[in-house]
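Fold and geometry: a report
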Amino acid sequence: MKHVKFIALIVAAAGMTAGSAALAKGFGHHGPKMSFEEIDTDGSGEVTKAEIQAMKDAHFAKADANGDGKLSLEEMQARAQERAAGRAAEMLERFDKDGDGALSKDEMPQPRRAGRMFDRMDADGSGGISKEEFEEARARHGGKRWHGHGDEAEQN
């Protein structure tokens, strides 16, 4: 039962962050992992603009559950949750080292730049971040909020 709750929590969190932005992309960074051959539907050895458009249209049609040519909030949420569920399952499969069907804290993936942001903010190397160092880092970051992702916080 703990496993089901944990997976549900991951799916809910991913669904909220994915939102309509993930749906609007259609494909790309977090989109389907399609092979060249799947996109090159006519087998010509080249992907055309028409083939890319057809792929986008197919993604839209899949999300447009009632076929009215528009995406309602409910349709976008349903599609985002579907995609989030798939990503959560892939994450579990990839990182569940002991095969118990759940991710322990130690099995959770670490950001690629874990610790680097802290080290950059700790300008004097004291091992702690003073209010001044914190404010300087915030000013360098342009006042944007950090979301716990090393890549976002690293941007200048």
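Below is a short write-up of the structure. All chains use their own residue numbering, which begins from 1 and follows the written sequence. Given that this is a predicted model, residues contribute local features only at a pLDDT of at least 70 and side-chain atom pairs are listed and counted only at 80 or more, while totals for whole chains, interfaces and linings are drawn from all residues. Note: side-chain values were computed over all heavy atoms of the structure, leaving out hydrogens and water.

Here we come to the overall build of the protein chain. Where helices and strands are cited, they refer to DSSP runs of H or I of at least four residues and of E of at least two residues respectively, numbered from the N terminus. On a plain count of helices and strands, the protein chain comes out with seven helices and zero strands. The linear arrangement of helices and strands in the protein chain, starting from the amino end, is α-α-α-α-α-α-α. Residue pairs at least 24 apart in sequence account for 43% of intrachain contacts in the protein chain once pairs closer than 6 positions are excluded. Only the protein chains shown count as cover for residues, with accessible areas throughout obtained via the Shrake-Rupley method and a probe of 1.4 Å. With the model as given, the accessible surface of the protein chain reaches about 11400 Å², and the carbon-plus-sulfur share is 56%. Whether two residues touch is decided by their heavy atoms; if any such pair falls within 4.5 Å, the residues are in contact.

Right, let's talk about a nonpolar patch on the surface for a bit. Distance thresholds for patches are 9 Å for like charges and 5 Å for nonpolar side chains (Val, Leu, Ile, Met, Phe, Trp, Tyr), applied to residues having over 30% relative accessible area and no salt bridge. What counts as a salt bridge is simple: a side-chain nitrogen of Lys or Arg found within 4 Å of a carboxyl oxygen of Asp or Glu. Judged by side-chain polarity, F118, I129 and F134 come together as a nonpolar surface patch covering roughly 230 Å² of accessible area. Summarising the element assignment, F134 is placed in helix α6 (residues 131-140). In this structure F134 comes out as partly exposed when scored by relative accessible area, which is 32%. Each residue gets one of three labels from its accessible area relative to the maximum for its type: buried under 20%, exposed over 50%, partly exposed in between, using a 1.4 Å probe on protein chains only.

With that settled, consider the side chain of E75. By secondary structure assignment, the location of E75 is in helix α4 (residues 73-95). Counted charges follow a simple rule, with Lys and Arg positive, Asp and Glu negative, and His plus the chain ends left uncounted. Buried charge without a partner: E75 forms no salt bridge, and the closest opposite charge is K70, 9.8 Å away. Excluding its chain neighbours within four sequence positions, the residues that come into contact with E75 are A63, D64, A65, N66 and K70.

Here L71 is to be found in the loop between α3 (49-63) and α4. Note on L71: relative accessible area 24%, which makes it partly exposed. Considered as a pair, L71 and A61 are ten residues apart in the sequence and their alpha carbons are 9.3 Å apart.

Moving on to the pattern of salt bridges. On inspection of all chains with the given rule, the structure shows three salt bridges. In this structure, K62 and E82 form a salt bridge, with 3.5 Å as the shortest nitrogen-oxygen distance. Taken as a pair, K62 in helix α3 and E82 in helix α4 lie far apart in primary sequence, 20 residues in all. Residue class for E82 comes out partly exposed when judged on its relative accessible area of 42%. One network of salt bridges, in which partners are shared, links K62, R79 and E82.

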